[in-house]
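# Structural description and commentary
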Amino acid sequence: MKKATKKRVKRREWTKADIKELKVHSKARTPVIKIAKMTKRSVGALRQKALNLGIGLGHQR
C-alpha cells in the first residue's frame, strides 16, 4: 500500500498591501476568522504578524 502524502503548506511572504489590509481590519475590528478567510492565511499567522507589528487583533486587545 502507498503511504498517504501529507498536504504541504506553502509559505507566502507578507506584501506591503497585505500589511496595510491587516491594519485596516484591525481598526475596523473585523473578526479574525473573517480576515483569515479573506486573506487565505491562518488565524495564527495573522495573530503573529499583528503581534510583530504591535497592532491589536481579535477580542483580546
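Residues numbered from 1 in each chain as written. Predicted model: local features only at pLDDT ≥ 70, side-chain atom pairs only at ≥ 80, totals over all residues. Heavy atoms only, no water.

An unreviewed UniProt entry lists the protein under the name GcrA cell cycle regulator, with Bradyrhizobium daqingense as the source organism.

## Digging into the environment of I55
Of note, I55 is situated in the segment after α3 (43-53). What makes I55 partly exposed here is its relative accessible area of 22%. On a C-alpha basis, the gap between I55 and I33 in space is 17 Å, while along the polypeptide they are 22 residues apart. If we skip the residues at most four places from it in the chain, I55 touches L22, K23, S26 and A50. (Helix = DSSP H or I, 4+ residues; strand = E, 2+ residues; numbered from the N terminus. Buried < 20%, exposed > 50% of the residue type's maximum accessible area, 1.4 Å probe, protein only. Contact = heavy atoms within 4.5 Å.)

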